[in-house]
2 protein chains.
Amino acid sequence: MRFAQPLALASGASLADYELVYETYGELNASRSNAVLVCHALNASHHVAGVHADAPGNEGWWDNMVGPGKPLDTRRFFVVGVNNPGSCFGSTGPMSINPATGRRYGPDFPVVTVEDWVHAQARLADALGIERFAAVMGGSLGGMQALAWSTLYPQRVAHCIAIASTPRLSAQNIAFNEVARRAIITDPEFHGGRFYDHGVVPRRGLQVARMIGHITYLSDDTMAERFGRARRGRAEGDGYDFGFEVEFEIESYLRYQGEKFSAYFDANTYLLITRALDYFDPAAAHGGNLAAALAPATADFLIASFTTDWRFSPARSREIVHALLANRRAVTYAEIDAPHGHDAFLLDDPQYHAVVRAYFERIAQGLT
Amino acid sequence: MRFAQPLALASGASLADYELVYETYGELNASRSNAVLVCHALNASHHVAGVHADAPGNEGWWDNMVGPGKPLDTRRFFVVGVNNPGSCFGSTGPMSINPATGRRYGPDFPVVTVEDWVHAQARLADALGIERFAAVMGGSLGGMQALAWSTLYPQRVAHCIAIASTPRLSAQNIAFNEVARRAIITDPEFHGGRFYDHGVVPRRGLQVARMIGHITYLSDDTMAERFGRARRGRAEGDGYDFGFEVEFEIESYLRYQGEKFSAYFDANTYLLITRALDYFDPAAAHGGNLAAALAPATADFLIASFTTDWRFSPARSREIVHALLANRRAVTYAEIDAPHGHDAFLLDDPQYHAVVRAYFERIAQGLT
């Protein structure tokens, strides 16, 4: 969907004339009360659920969560997935043509924030005739968007669902983002973000960035269980290769993930989205007081975390819960005992899905 | 010191005619019973303590631990520091001339193991007239060398001191090493390890590798305390820069560490030493049974770990302790409550230093 009215951004810049691509699942009911917005994280998109007829292998990134009979049941809810501006899956981003110059934005695409995305999403909601969402929902960076919705548009969010999220990145989180960005920016094929003009992609930088990311998405335990010290085609006790090619299974896995990612993800988008993560910190404008930052919210909340998530640990989710309770909000908090680390929010852990299912059943019962 | 007899390596290769540089502190006593070998970790060297007259700022890497009146007191002990083969501080390594070709070894330098280093160190001990060490000591990778000494040369080690170490790397540990190696190997200025011939250094890859390493050396808590979300020249609540230059203090710190490191450390050495870390796994030859692997040891042991070390956590040290106890070895184990993560082994935490001091006092009392 094309938007002609400029979008003013937190940086002071603005996006004139931009496109937002979106998908919907299910039917909006007559009272327009059953809409749920699903916000994506770093490398996902508007393609939340289902399979495209023209791309049979391309299952939506949260297909185990969203669909007929699934925890977010599209027989009852009208689900909206939207690709955020700055991303690389169809909405206006660094790969788009900058109308001011006639060439791709590249590094000129303005730095965007979680709040900017929320404002863009609100305009899409206007265009779709959705005054108020039954729920705004997301995991990780998507959870940050849900939290921002609850304070920027309190009257438009009945329920806010933030999974494996955090009220702000820690120094360690920023550190991992920064290393990934340095890997990309220092790749000679990045060309200061103008690699499109050179017909190349900073694929080495993207690979390293993705490998670093992947380590932080998995728990130490999961890695130990899935890979341990296993070697490709060798038994324990067999001699080593004594080289630097792939030898341990974990090396093979990470290289594969890095290569796959570098083939489809835009390097400028990686910089933009990690910066949006770094910048999210609603409490900063309130002297670090998260409860004050969340005071405008009127929604009910579901906050969920995973015991082995060391990227955004349960302690970070509990900060959100405590701040909400200080505001006397209705909060359901689930700390799921799951082995998969941060990645768990994308997996179909039965306990986790049961919690989300029950929460949406409660929401459905209150629908008018 | 030059060694003319070839050193056979675990890989099947051998090093003909190699140099080991070393430093000693204190005096070997008449009965040659007071020698202590200090083994270095990834980026350290034979320069363990003191200051070189010709390089006044260049303090030894464990100067807070080793010296007159320090926990390892050089008024009582004769301390030996040796740079391992494959390293880049003077001993034969990838930067050395390969006698077989007349050019630098570069990628032709054979992959070396912890056990290879121990055999090289044993030859140095022979040359110095040290039949038996009062102690072999190291932190992290240095601790692995101390453990290997205790089983490869049990009669030559009276006490083994392994600090912040592990009996083997986990999949996550290998993963971090692999990402660092990929950053180096995919840097176009690496030139397949022959960058010397091109007059360049894969400095971007080394920087990223070091930044990754640094994140794993510090605890999440230390990073939060030292850097938090502080920004350079800005107060909390001030606006953001909306760019990708250094903004957060943690970014500045990591870039500085990366740049400093890339100016002095050899890229091929980085590959070799991380591979030696990956490969260390004495239990593998015993079906994973660490107690069986350590059975030959006759030394007494001091094992120490740090509560916030998430690289080689206390649980990893406890594995060593349990295996030693299964062999009825005399083990002192200290789990130090320190905030600094893996780096703590290099810092002068009072509780930690008191433990090491007391252990060496006991050793000193038993000296003949």
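Residues numbered from 1 in each chain as written. Chains lettered and ligands numbered in written order. Predicted model: local features only at pLDDT ≥ 70, side-chain atom pairs only at ≥ 80, totals over all residues. Heavy atoms only, no water.

As for helix α10 (residues 350-365) of chain B
All names here are of chain B.
Line of reasoning, step 1. Taking 1.5 Å of rise per residue, the 16 residues of α10 would be expected to cover 22 Å, and the 22 Å separating its terminal C-alpha atoms lies within 8% of that figure.
Line of reasoning, step 2. Contacts made by the buried residues of α10 are with β6 (35-39), β10 (72-73), β12 (135-139), β13 (159-163), β14 (300-306) and β15 (331-336).
Line of reasoning, step 3. For α10, the N-terminal cap is Asp-349; the gap from its side-chain oxygen to the backbone nitrogen of Gln-351 is 3.1 Å. (Helix = DSSP H or I, 4+ residues; strand = E, 2+ residues; numbered from the N terminus. Expected span 1.5 Å × (residues − 1). Contact = heavy atoms within 4.5 Å. Polar contact = N/O pair within 3.5 Å; in protein donor to acceptor, adjacent residues only side chain to side chain.)

Details of the packing of helix α3 (residues 171-185) of chain A against helix α6 (residues 249-264) of chain B
Line of reasoning, step 1. Contact pair α3(A) / α6(B): the axes reach a minimum separation of 9 Å and the direction vectors enclose 50°. As far as their axial angle goes, α6(B) and α3(A) are oblique. For α3(A) against α6(B), the interelement crossing comes out right-handed. On α6(B), the residues touching Ala171(A), Ile174(A), Ala175(A), Glu178(A), Val179(A), Arg181(A) and Arg182(A) of α3(A) are Ile250(B), Glu251(B), Leu254(B) and Arg255(B). (Axes fitted to C-alpha atoms, helices over the stretch in contact; angles between N-to-C directions. Parallel < 35°, antiparallel > 145°, perpendicular 65-115°, else oblique. Left-handed = near helix turned anticlockwise from the far one by under 90°.)

Observations regarding the packing of α3(A) against helix α4 (residues 203-217) of chain A
Residue and element names in this part refer to chain A.
Line of reasoning, step 1. Relative orientation of the contacting elements α3 and α4 amounts to 165°, with a least axis distance of 7 Å. By the angle between their directions, the pair α3 and α4 is classed as roughly antiparallel. Remark: the crossing between α3 and α4 carries right-handed chirality. Of the residues in α4, those in contact with Phe-176, Val-179, Ala-180, Ala-183 and Ile-184 of α3 are Gly-205, Leu-206, Val-208, Ala-209, Ile-212 and Thr-216.
Line of reasoning, step 2. A class-by-class count of the residues in the contact of α3 with α4 yields nine nonpolar, two polar and no charged. (Nonpolar A, V, L, I, M, F, W, Y, C, P; charged D, E, K, R; others polar.)

What about the packing of aromatic side chains?
Line of reasoning, step 1. A complete count under the given rule lists 50 aromatic pairs over all chains for this structure.
Line of reasoning, step 2. Ring centres of Phe3(B) and Tyr18(B) lie 5.2 Å apart, and the angle between their planes is 10°; this geometry places the pair in the stacked category. Placement of the pair is Phe3(B) in strand β1 (residues 2-3) and Tyr18(B) in strand β4 (residues 18-19), with a sequence separation of 15 residues. Here the two residues Phe3(B) and Tyr18(B) agree in accessibility, since each one is buried.
Line of reasoning, step 3. Taken together, a centroid distance of 5.3 Å and an interplanar angle of 65° make the contact between Phe77(B) and Phe360(B) edge-to-face. Here Phe360(B) lies in helix α10 and Phe77(B) lies in the loop between β10 and β11 (78-82), a separation of 283 residues in the sequence. For the pair formed by Phe77(B) and Phe360(B), the shared burial category is buried.
Line of reasoning, step 4. Of the aromatic side chains, those joined through ring pairs into one cluster are Phe89(A), Phe261(A), Tyr264(A), Phe265(A) and Tyr270(A).
Line of reasoning, step 5. The ring of Tyr153(B) carries the charged tip of Arg156(B) above its face, separated from the ring centre by 5.9 Å.
Line of reasoning, step 6. Of note, Arg311(B) hangs over the ring of Phe312(B), and the distance from its end group to the ring centre comes to 5.1 Å. (Phe/Tyr/Trp six-rings, centres within 6.5 Å; stacked < 30°, edge-to-face > 60°. Buried < 20%, exposed > 50% of the residue type's maximum accessible area, 1.4 Å probe, protein only. Lys NZ or Arg CZ within 6 Å of the ring centre and 35° of its normal.)

Here we look at the confidence of the model for chain A
Where the model shows low pLDDT, its predicted coordinates should not be examined in detail.
Line of reasoning, step 1. Per-residue confidence for chain A gives a mean pLDDT of 96; residues scoring 70 or more make up 99%.
Line of reasoning, step 2. With a pTM of 0.96, the predicted complex shows an ipTM of 0.94. (pLDDT = per-residue confidence, 0-100.)

A look at the sheet that holds β12(B)
Residues and elements named next belong to chain B.
Line of reasoning, step 1. One open sheet accounts for seven strands, arranged β5-β11-β6-β12-β13-β14-β15; its pairing is mixed. If you trace the sheet from one side to the other, it starts and ends with β5 (22-25) and β15, each paired once. Ignoring which end each strand starts from, the neighbouring axes of this sheet average 15° apart.
Line of reasoning, step 2. As judged from the four bridges shared by β12 and β13, these two strands associate in the parallel manner. Following the sheet pairing, Gly-138 is matched in β13 by Ala-162. (Pairing = 2+ DSSP bridges.)

Remarks on the pattern of salt bridges
Line of reasoning, step 1. Summed over all chains, the structure comprises 46 salt bridges over all chains.
Line of reasoning, step 2. With a shortest N-O distance of 2.9 Å, Arg168(A) and Glu319(A) are connected by a salt bridge. With a gap of 151 residues between them, Arg168(A) in the loop between β13 (159-163) and α3 and Glu319(A) in helix α9 (residues 314-326) connect regions that are remote in the sequence.
Line of reasoning, step 3. In this structure Arg168(A) comes out as buried when scored by relative accessible area, which is 19%.
Line of reasoning, step 4. Between Arg103(B) and Asp197(B) there is a salt bridge; the shortest N-O distance is 2.7 Å. A residue pair is termed long-range when its members are at least 10 positions apart, and Arg103(B) in the loop between β11 and α1 (114-128) and Asp197(B) in the loop between α3 (171-185) and α4 (203-217) qualify at 94 residues.
Line of reasoning, step 5. Arg103(B) sits in the partly exposed class, given a relative accessible area of 37%.
Line of reasoning, step 6. One continuous salt-bridge network, built from bridges that share partners, spans Glu178(A), Arg181(A), Arg275(A), Asp278(A), Arg231(B), Glu245(B), Glu247(B), Glu251(B) and Arg255(B). (Salt bridge = Lys/Arg side-chain N within 4 Å of Asp/Glu carboxyl O.)

What to know about the pairing of β14(B)
In regular strands, side chains alternate between the two faces of the sheet.
Residue and element names in this part refer to chain B.
Line of reasoning, step 1. Of all seven residues in β14, six are buried; the element is thus mostly enclosed.
Line of reasoning, step 2. Both β13 and β14 contribute to a ladder of five bridges, which runs parallel. Looking across to β14, one finds that Cys-160 is bridged to Phe-301.
Line of reasoning, step 3. Bridge analysis of β14 against β15 gives six bridges, and the strand direction is parallel. Across the sheet, the residue bridging to Ser-305 is Glu-335, located in β15.
Line of reasoning, step 4. Since β14 and β15 lie parallel, the crossover through helix α9 (residues 314-326) that links them has a hand, and here it is right-handed. (Right-handed = clockwise from strand over helix to strand, strands pointing away.)

Remarks on the layout of surface pockets
Residue and element names in this part refer to chain B.
Line of reasoning, step 1. When its volume is computed, the largest pocket comes out at roughly 1000 Å³.
Line of reasoning, step 2. Taken together, 37 residues line the largest pocket, and the ones lying closest to its centre are Asn-43, Trp-61, Arg-210, Tyr-264 and Leu-346.
Line of reasoning, step 3. Those elements that provide at least two residues to the lining of the largest pocket are β8 (55-59), α4, α5 (220-226) and α6.
Line of reasoning, step 4. With five residues, the top contributor of residues to the lining of the largest pocket is α6. (1 Å grid on protein atoms, 1.4 Å probe; cavity = no way out; pocket = protein on both sides within 12 Å on 5 of 7 lines; lining within 4 Å. Points joined across faces, edges and corners; volume = space filled by probe spheres on them.)

Some remarks on the sheet that holds strand β14 (residues 300-306) of chain A
Residue and element names in this part refer to chain A.
Line of reasoning, step 1. Pairing is mixed in the open sheet, where seven strands are placed in the order β5-β11-β6-β12-β13-β14-β15. Each edge of the sheet is formed by a strand with only one pairing partner; in this case those strands are β5 (22-25) and β15 (331-336). Strand-to-strand twist of the sheet, defined as the mean angle between neighbouring strand axes without regard to direction, takes the value 15°.
Line of reasoning, step 2. The pairing of strand β6 (residues 35-39) with strand β12 (residues 135-139) spans four bridges and is classified as parallel.

Details of the relation of the copies chain A and chain B
Line of reasoning, step 1. When chain A is fitted to chain B, the residual RMSD is 0.0 Å, and the transformation amounts to a turn of 180° plus an axial shift of 0.0 Å. Taken together, the rotation and translation describe the operation of a two-fold axis.
Line of reasoning, step 2. A symmetric contact is evident, with 100% of the interface residues of chain A recurring at the interface of chain B. (Least-squares fit on C-alpha atoms with pLDDT ≥ 70 in both.)

So, empty space enclosed by the protein
Line of reasoning, step 1. For the structure shown, the criterion picks out four cavities of 30 Å³ or more.
Line of reasoning, step 2. What the largest cavity holds in volume is close to 130 Å³.
Line of reasoning, step 3. Lining the largest cavity are 14 residues, and of these Ala183(A), Thr186(A), Asp187(A), Ala183(B) and Thr186(B) lie nearest its centre.
Line of reasoning, step 4. The set of elements that each furnish at least two residues to the lining of the largest cavity consists of α4 of chain A together with α4 of chain B.
Line of reasoning, step 5. Of the residues belonging to the lining of the largest cavity, the class tally is six nonpolar, four polar and four charged.
Line of reasoning, step 6. What the second largest cavity holds in volume is close to 70 Å³.
Line of reasoning, step 7. Forming the boundary of the second largest cavity are Leu42(B), Phe176(B), Asn177(B), Ala180(B), Ala209(B), Ile212(B), Gly213(B), Thr216(B), Tyr217(B), Tyr270(B) and Arg311(B).
Line of reasoning, step 8. Contributions of two or more residues to the lining of the second largest cavity are made by α3 and α4 of chain B.
Line of reasoning, step 9. The dominant element in the lining of the second largest cavity, judged by the number of residues it contributes, is α4(B), at five residues.
Line of reasoning, step 10. Counted by class, the lining of the second largest cavity contains seven nonpolar, three polar and one charged residues.

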